[in-house]
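# Structural description and commentary
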Amino acid sequence: MIVHDVDLDVRPHETVGLIGPNGSGKSTLLRCVAGLRAPSTGVVRYDGEDISGWSRRQVARRIAFVEQVSHADSDLRLIDVVGLGRTPFRDPWRGPTVIDRLVIEAAVERLGLTGLEERQWSTLSGGERQRAHIARALAQQPYGILLDEPTNHLDVRHQFELMELLAGSEATVIVALHDLSLAARYCDRLVLLDGGTPVAAGTPDEVLSRDRLRSVFEMDAELGTDALGNPAVVYRSPISAAGRPTARRTAT
Ligand SMILES: Nc1ncnc2c1ncn2[C@@H]1O[C@H](COP(=O)(O)OP(=O)(O)OP(=O)(O)O)[C@@H](O)[C@H]1O
């Protein structure tokens, strides 16, 4: 495959949401942008520079990538995992500098992980591990952060805190999300993938039309606002194979 015809220009400091159904190509596209997967055609450029010949270290000095899966079987402590974010900048023959320590400490605090620094990785909950990976990405002090479903293990409060952190960050952010309301509320722009191809890009209002929610997500739904005036997708029901909503009762 797997992803094709992508022409995506992400501007500095922008928060771009990648949305699309399961298997639509979000993770694959993120891996290409992260330099972990070479596109068979086309190029990935950071600030106009083709990254195809770059080392992992060169990429990691610019971009942090928070992938979806995180293994539990590690004997590292949380602070060691967050500290990995400093690796691209570190002299391999020296220990962490004072700056490294301060940056790591700030990232731990930012993700609400203070007090868990010494905990073994295997004893952390899924959400704590996910937040530690995001702290590791912040410790990298990157120009850009790529995140693949970073809210999937987080409780509601941490989901919102993370999205506020990303939207308010100086870094350029590309984040794959399944939660369309979070995407609409916090992303400047959305790119909608379907079958490996971007089928729409623009502001949440432009992208999340009722027709697209129907044709791409197979949901009878629409983008509106919640009681507080924030963007929110209201779902009525899945669309059946016959093209009609399946639920008898529909939410308003
Ligand atoms: N290494 C691979 N070899 C063959 N097919 C692959 C490979 N990696 C991914 N795919 C396929 O490419 C398609 C896109 O996968 P991808 O993981 O990018 O989707 P996604 O939008 O991130 O999905 P999800 O929402 O389920 O996480 C899927 O059909 C997947 O099965």
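Residues numbered from 1 in each chain as written. Predicted model: local features only at pLDDT ≥ 70, side-chain atom pairs only at ≥ 80, totals over all residues. Heavy atoms only, no water.

Another point: the sheet that holds strand β7 (residues 189–194). Spatially, β4-β5-β6-β1-β7-β8 is the arrangement adopted by the six strands of the open sheet, whose pairing is mixed. Edge positions in the open sheet fall to β4 (63–66) and β8 (197–202), since each of these has one partner strand only. Strand after strand, the sheet turns through a mean of 15 degrees between neighbouring axes, direction not considered. As defined by bridge partners, strand β5 (residues 144–148) adjoins strand β6 (residues 172–176) across five bridges and the pair is classed as parallel. The partner of Leu 146 across the bridge, within β6, is Ile 174. In the packing of helix α1 (residues 26–33) onto the sheet, contacts are made with β1 (15–19), β4, β5, β6 and β7, and the angle to β5 comes to roughly 155 degrees. (Pairing = 2+ DSSP bridges. Helix = DSSP H or I, 4+ residues; strand = E, 2+ residues; numbered from the N terminus. Axes fitted to C-alpha atoms, helices over the stretch in contact; angles between N-to-C directions. Contact = heavy atoms within 4.5 Å.)

A few words now on the packing of helix α4 (residues 98–110) against helix α5 (residues 126–139). Two elements in contact, α4 and α5, have axes separated by 8 Å at closest approach and are oriented at 140 degrees. Compared by their axis directions, α4 and α5 come out oblique. Judged by the twist between their axes, the crossing of α4 over α5 is right-handed. Seen from α4, the contacting residues are Val 103, Ala 107, Val 108 and Arg 110; seen from α5, they are Ala 135, Leu 138 and Ala 139. (Parallel < 35°, antiparallel > 145°, perpendicular 65-115°, else oblique. Left-handed = near helix turned anticlockwise from the far one by under 90°.)

Okay, the pattern of salt bridges next. Evaluation of the coordinates by the stated rule reveals 13 salt bridges. Residues Asp 220 and Arg 236 are paired through a salt bridge, measuring 3.6 Å at the closest nitrogen-oxygen approach. Here Arg 236 lies in strand β10 (residues 231–238) and Asp 220 lies in strand β9 (residues 219–225), a separation of 16 residues in the sequence. Accessibility expressed as a relative area gives 23% for Arg 236, which makes it partly exposed. The salt bridge involving Glu 222 is made with Arg 236; its shortest N-O contact spans 2.5 Å. Taken together, the positions of Glu 222 in strand β9 and Arg 236 in strand β10 put the pair 14 residues apart, joining distant regions of the chain. Judged by its relative accessible area of 29%, Glu 222 falls in the partly exposed class. Through salt bridges with shared partners, a single ionic network connects Arg 210, Asp 220, Glu 222 and Arg 236. (Salt bridge = Lys/Arg side-chain N within 4 Å of Asp/Glu carboxyl O. Buried < 20%, exposed > 50% of the residue type's maximum accessible area, 1.4 Å probe, protein only.)

Per-residue pLDDT for the protein chain has a mean of 90; in total, 92% of the residues score no lower than 70. Confidence estimates for the predicted assembly give a pTM of 0.91 and an ipTM of 0.93. (pLDDT = per-residue confidence, 0-100.)

For the rest of this paragraph, the subject is the packing of aromatic side chains. Remark: the centre distance and the inter-plane angle together describe each pair of aromatic rings, the angle taken between the planes. Overall, the coordinates contain two aromatic pairs when judged by the stated rule. Aromatic pair Tyr 46 and Trp 54: ring centres 5.6 Å apart, planes at 85 degrees, arrangement edge-to-face. The exposure class of Tyr 46 is buried, given its relative accessible area of 8%. Measuring from centroid to centroid gives 6.2 Å for Phe 160 and Tyr 186, while their planes differ by 75 degrees, and the two rings are edge-to-face. In this pair, Phe 160 is assigned in helix α6 (residues 156–168) and Tyr 186 in helix α7 (residues 180–186), connecting sequence segments 26 residues apart. The class of Tyr 186 is buried, set by a relative accessible area of 9%. (Phe/Tyr/Trp six-rings, centres within 6.5 Å; stacked < 30°, edge-to-face > 60°.)

Glancing now at the nonpolar core. Counting residues in hydrophobic clusters, the biggest one holds 49 residues, and the most contacted among them are Ile 19, Leu 78, Val 82, Leu 113, Leu 147, Leu 166 and Leu 208. Ranked by the residues each element gives to this core, the list is headed by α5, at six residues. With residues near it in sequence (within four places) discarded, Leu 113 still touches Leu 78, Val 108, Glu 128, Arg 131, Ala 132 and Ala 135. Counting 18 residues, the second largest nonpolar core, distinct from the first, contains Leu 18, Leu 30, Val 33 and Val 191. (Core = buried A, V, L, I, M, F, W, Y, C linked by side-chain atoms within 4.5 Å.)

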